[in-house]
Amino acid sequence: MSTLLVTGAAGFIGSNFVRYWREWHPQDQVVALDALTYAGCRDNLADVLAEITFVHGDIRDRGLVESLLREHKVDVVVNFAAESHNSLAIIRPGDFFSTNVIGTQTLLEAARTVGVARFHQISTCEVYGDMDLDDPGAFTEDSPYLPRTPYNAAKAGGDHAVRAYGLTYDLPVTITNCSNNYGPYQFPEKVIPLFVTRALQGENLPLYASVRNRREWLHVADHCRAIDAVLEHGRLGETYHVGSGVEADIETIANTILAELGLPESLKTIVPDRPSHDRRYLLDSTRLRTELGWAPEIGFADGMRATVAWYRDNEAWWRPLIGRSPVSETAWR
Ligand code: NAD
């Protein structure tokens, strides 16, 4: 039996992960820490709140983090907490460096002081920077970090701190870099829930002019299974890529959503691109697949169908969140 401290647990992936962990590891204790920024919703955990300890607090609060590690005898820290919206990072970069770099380092320092069996960092494909649309390769775990936006640079900084603590202090660390996630409970500022919720309200879908830019899409449930595999069997000090290998450009995403909802493609509207917008990221996930036997279980078509249906059926969840993002209609999305 273990006790996990899950940070950013009231966000999109964190809340899916807590629900996943309760289902597959019901013997474990979960302490969920979240600052409840505009992107965090305690309600995302409503169905499991009675089974976990929820703490409203900030990963930058060293005293709080240390006392949680001691009081609950935490074995495993899983760090999802982050400012996560690329467009907001262009407007408020300071918040991103503060939480994603200093917040991560504060957690690491608390973990080093108190002692934990594992510190797992949730990272992103975006730290590797821009990839050519025609590049036949993919980023490997040995590719250099070349971030080009404040969000990506701040995530890269957090990851560097994790590796440094692993090497310098022998802190038992692991990192997963994952491709773009989709699924239930994603804040409606991110592209898939943004498009679905706008379509459901009869509004235009704003596509960046770079409509051929593409991403590698993974259902959040497959991401949770990958983190589980790394926590259970991953080698300490190691990094594992988590990706489906399934790429789709932004216009395909919009068309898929409109087709699913029976709406016309004329709802698409082109908006100016955001600065330093990476064209593409693709991860080579061979290490995770061969070493730990992970493979995605949810195909893109089925996953998108289920996701669109979830937002259609859960308007009571997303309706109160519309307009809560600090990124206005006219700013970069
Ligand atoms: P999210 O914005 O939905 O959730 C982030 C959560 O962190 C929110 O609940 C927020 O309240 C909380 N938070 C922010 N600052 C905090 C602080 N200082 N202290 C405590 N809590 C704080 O983001 P998400 O999409 O769920 O992403 C979770 C993690 O996964 C992030 O680290 C992100 O970089 C990473 N990631 C996301 C994707 C993706 O496609 N969404 C892909 C790869 C990696």
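Think of each chain on its own: its residues are numbered from 1, step by step along the sequence as written. Selection of residues for local features in this predicted model requires a pLDDT of at least 70, selection of side-chain atom pairs for listing and counting requires 80 or more, and totals for whole chains, interfaces and linings are taken over all residues.

S.K.: Looking at this structure, how should I read the sheet that holds strand 9 (residues 214-219)?
M.R.: One open sheet holds the three strands; their spatial order is 7-9-11, and the pairing between them is mixed. Both outer strands of the open sheet, strand 7 (180-182) and strand 11 (247-249), are each paired with one neighbouring strand and no more. Along the sheet, successive strands turn relative to each other by an average axial angle of 50°, direction set aside. The criterion for strand pairing is that DSSP finds at least two bridges linking the strands in question. Counting from the N terminus, the helices are the DSSP runs of H or I reaching at least four residues and the strands are the DSSP runs of E reaching at least two. Of the strand pairs in this sheet, strand 9 and strand 11 are connected by three bridges, and their pairing is antiparallel. Lines fitted to C-alpha atoms define the axes here, with helix axes fitted over just the stretch in contact, and angles between the N-to-C directions of these axes take values from 0 to 180 degrees.

S.K.: So what exactly am I meant to see when it comes to helix 7 (residues 220-233) here?
M.R.: Spacing of three or four residues puts side chains on the same side of an α-helix, whose turn is 3.6 residues. Helix length check: helix 7 (14 residues) gives 20 Å between terminal C-alpha atoms against 20 Å at 1.5 Å per residue, within 8%. Three exposure classes are used. Buried residues have 20 or more other C-beta atoms within 10 Å of their own C-beta, exposed residues have 12 or fewer, and partly exposed residues fall in between, all C-beta atoms being placed from the backbone. Taken as a whole, helix 7 has its buried residues at V220, A221, D222, H223, C224, A226, I227 and V230. Here a helix's expected span is defined as the number of its residues, less one, multiplied by 1.5 Å.

S.K.: In this structure, what is going on with the site of the ligand? I would like to understand it.
M.R.: Proximity of a residue to a molecule or strand is defined by its backbone-placed C-beta atom lying within 6 Å of that partner. By nearness alone, 30 residues border the ligand, and G8, G11, F12, G40 and A82 come closest of all. Looking at the shell around the ligand, the elements that each hand over two or more residues are helix 1 (12-24), helix 4 (93-114), strand 5 (118-124) and strand 7. The dominant element in the shell around the ligand, judged by the number of residues it contributes, is helix 1, at three residues. Residues are grouped as follows: Ala, Val, Leu, Ile, Met, Phe, Trp, Tyr, Cys and Pro are nonpolar; Asp, Glu, Lys and Arg are charged; all remaining types, including Gly, are polar. Among the residues forming the shell around the ligand, the class breakdown is 13 nonpolar, 12 polar and five charged.

S.K.: What should I look at first to understand helix 8 (residues 250-261) in this one?
M.R.: Its 12 residues give helix 8 an end-to-end C-alpha distance of 17 Å, which sits within 8% of 16 Å, the value for a rise of 1.5 Å per residue. Restricting attention to buried positions, one finds in helix 8 the residues I253, A254, I257 and L258. Take helix 8 and look down its axis: the buried residues cluster within an arc of 125°, on one side only. Throughout, a residue-residue contact means that the two C-beta atoms, derived from backbone geometry, are no farther apart than 7 Å. Of the surrounding elements, those touching the buried residues of helix 8 are helix 6 (191-200), strand 8 (205-208), strand 11, strand 12 (268-271) and helix 10 (300-313). As used here, the arc is the angular range of directions from the helix axis to the C-beta atoms.

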